[in-house]
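# What the coordinates show
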Amino acid sequence: AEHYAPVTDARLKAAASDNGWLMYRRDYTSSGYAPFTQIDTANVAHLKQVWDYKTGFDQGHEAPPVVNGDFMFITTPKDELLAFQASTGKLLWKYQHDLSHVGLRTVCCDVVNRGVALYGDDVYMATLDNYVVALDGRTGKIAWKHQLAPADKGTAMTLAPLVVKGKVIVGLSGGEYGARGFIEALDAKTGKPVWKQYTIPAPNEPGGDTWPKGAYKTGGGGAWLTGTYDADTDTLLWGVGNPGPWLATLRPGDNLYTDSVIAMNPATGKIKWHYQYTPNDTWDYDGTNETVLTDIDYQGKQHKALVTASRNGWFYAIDRTDGKLIYAKKFATATSVSGFKDGKPETDPNLRPTIDKEVFTCPSFLGGKNWWPISVDPQTHLAYVPTMHTCMTIKGATVAYKAGLPFLGETFKVVADPAHKGQWGSVQAIDVNTGDQVWSYPSALPWNSGMLSTAGGLVFSGSADGHLVAFDARTGKVLWKSPEMTSGVIGVPSTWVVDGKQYVGVYAGWGGATPIWGGDMAKDPAVMNIPVGGHLYVFSL
Ligand SMILES: O=C(O)c1cc(C(=O)O)c2c(n1)C(=O)C(=O)c1cc(C(=O)O)[nH]c1-2
């Protein structure tokens, strides 16, 4: 293999001019966009498989290939880290994190891992038993590992870390177990903790008064997806998950910072501002979905914005300098969050379940979109959004907190969205200047894969029936479908260039929350028949 070029701050900041895919969403803006033009709308139909690798695991395969030079790094659901020669698929080394001491039970939504971060010579992975592990990228030799929280108290880590200025930053899963979430930064060289920011304030801290007495300790607020770094304002942006327990009558108040994006100082973790997508959430909508930085022109005014397609079914544009709402538009049927007043979301009091009352509301807790990241293309100025069309019935239930056990207080069932019968999913393009839909590609099966856009005028994403699909970025026309892969796709495609040749890679490996919690959707024979099994595929011209 060729020599390993260290990943510097300069390279991470200037991802646009790099041939690799150096982090989870390729660049600090979380665009999921690559500037490569070799594969384009005219030749994409000639893509051929160049190599593949079967992982041997049947859980959901969610990680994107992360590529530095001719080195590719990808994780498996059980915290194995694989290094390949990116151009040929030659396995260079393999590291298996020891999960033997952890029950895999306190993971809400399948045993998963979303991949790695790179810095210097090292590769970083977060694990289900709350370690961050650093390995030498060339050899797989362990540099350090550090455990952030015990493994048996309802917490886990499933996200890809983010490296900002020499710190490896990760967040906790555990919103369904009443774990108090946090985001923590470790020194990339030594693994020493630098700062830790709880997502749920203590009573004496700002926002502490949005919780009833004592509730913050079991308030949830996982931070289970990778954040975004705004290099212009030196701000770290991170989405925070749902409050615990799900049943909101047990915790009156806004319950900050659940279901919010928080803006932090990356040197200290100190919170600068926040925006809450769903106040006093009682539908498990989380606020963890990606935060993508993009400059927009809304009604004739320029804004430095962040955009997100929230689980609650609304597409938000927020001023990324101060956290003020610019606009919010529905991208899926959305009734629980019913409108906005002075920039703050309002929820429908009639659609709040109680211990005596079952309600029907949309979207389901799985969201108008779940964790599968959107991509924002600076050329088309469109956001490509993997969308789910479901509603739910939901009712309160009794619950008591016990560390390591689910803390929900609700029963629920995912059902079809009456406005999208026979269509569990779609891929849609949304104009980030307006929040309006430009094209939509309907899918009978749920669409649970992340999006990749490229300067070749293409959008790639994987289908549940096992194809990598290339869309025309402007029109949504399908220009190419890979031959059928051995499983459905929930992975995140990525692309890179080695020796002048562009590659596209994606995991097939059906799983994640949909087959476990999907109710009527999971019981649809077409969904039940999706084969499982992890399989990495790489294509080029
Ligand atoms: O609150 C949490 O801590 C938490 C963690 C995770 C996770 O770590 O995967 C998911 C969720 N919540 C969740 O609500 C959810 O719908 C979900 C889907 C998936 C998946 O991998 O498909 N993970 C998670």
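In this text the structure is predicted, and so the values were computed from the model without any measurement.

### Here we look at the site of the ligand
Inspection of the region around the ligand gives 22 residues, with S173, G175, G222, G512 and A513 positioned closest. Taken together, the residues that form the shell around the ligand break down as 7 nonpolar, 10 polar and 5 charged.

### Some words on the sheet that holds strand β7 (residues 117-119)
Taken in spatial order, the 4 strands of this open sheet run β7-β8-β9-β10, and their pairing is antiparallel. Where the open sheet ends on each side, the last strands, each with one partner, are β7 and β10 (142-147). The average undirected angle you get between the axes of adjacent strands in this sheet is 20°.

### Some thoughts on the nonpolar core
Judged by nonpolar contacts, the single largest core of 166 residues is most densely connected at V116, A117, V168 and V307. When residues no more than four places from it in sequence are discounted, the contact partners of A117 are M23, Y124, A160, P161, L162, V163 and V168.

### Observations regarding the sheet that holds strand β3 (residues 66-68)
One open sheet holds the 4 strands; their spatial order is β3-β4-β5-β6, and the pairing between them is antiparallel. Edge strands, defined here as strands with exactly one partner in the open sheet, are β3 and β6 (91-96). Here the average twist between neighbouring strands, direction ignored, is 15°. In terms of strand pairing, strand β4 (residues 71-75) meets strand β5 (residues 80-85) through 5 bridges, oriented antiparallel. Each bridged residue has a counterpart across the sheet, and for F71 the counterpart in β5 is Q85.

### Re the environment of L159
Of note, L159 is situated in the loop between β10 and β11 (162-164). As a C-alpha pair, L159 and V170 span 11 residues in sequence and 7.3 Å in three-dimensional space. Those residues within four positions of L159 in sequence are excluded, and the remaining contacts are R114, A126, V170, G171, W224, L225 and T226.

### Structural notes on the confidence of the model for the protein chain
For the protein chain, per-residue confidence averages 97 on the pLDDT scale, and 100% of positions sit at 70 or higher. With a pTM of 0.98, the predicted complex shows an ipTM of 0.99.

### Examining the pairing of strand β27 (residues 382-388)
Taken across its 7 residues, β27 has 7 buried, putting it largely inside the fold. The two faces of β27 match: L382, Y384, P386 and M388 on one face and A383, V385 and T387 on the other face are all buried. The pairing of strand β26 (residues 375-377) with β27 spans 3 bridges and is classified as antiparallel. The residue bridging S375 from the neighbouring strand is Y384, located in β27. Connecting β26 to the antiparallel partner β27 that follows it, the hairpin turn spans 4 residues, and H381 within it adopts a positive phi of roughly 60°. Examined bridge by bridge, β27 and strand β30 (residues 425-431) share 7 bridges and lie antiparallel to one another. In the sheet register, T387 faces β30, and the bridge partner there is S426.

### Topic: unusual backbone geometry
Excluding glycine, residues mostly carry a negative phi; peptide bonds, for their part, are mostly trans. Note the cis peptide between G244 and P245, where omega equals -10°. A cis amide bond links C362 with the next residue in sequence, P363, at an omega value of -10°. Of note, P363 is situated in the loop between β25 (358-361) and β26. Backbone geometry at D79 places phi at a positive 60°, although glycine is not the residue there. Unusually for a residue other than glycine, N255 sits at a positive phi of about 60°. Among the secondary structure elements, N255 is positioned in the loop between β16 (235-239) and β17 (260-264). Overall, N255 belongs to the buried group, with 29 C-beta atoms counted inside 10 Å.

Calculation criteria
- Residues numbered from 1 in each chain as written.
- Predicted model: local features only at pLDDT ≥ 70, side-chain atom pairs only at ≥ 80, totals over all residues.
- Near = placed C-beta within 6 Å.
- Nonpolar A, V, L, I, M, F, W, Y, C, P; charged D, E, K, R; others polar.
- Pairing = 2+ DSSP bridges.
- Helix = DSSP H or I, 4+ residues; strand = E, 2+ residues; numbered from the N terminus.
- Axes fitted to C-alpha atoms, helices over the stretch in contact; angles between N-to-C directions.
- Core = buried A, V, L, I, M, F, W, Y, C linked by C-beta atoms within 7 Å.
- Buried ≥ 20, exposed ≤ 12 C-beta atoms within 10 Å, placed from the backbone.
- Contact = placed C-beta atoms within 7 Å.
- pLDDT = per-residue confidence, 0-100.

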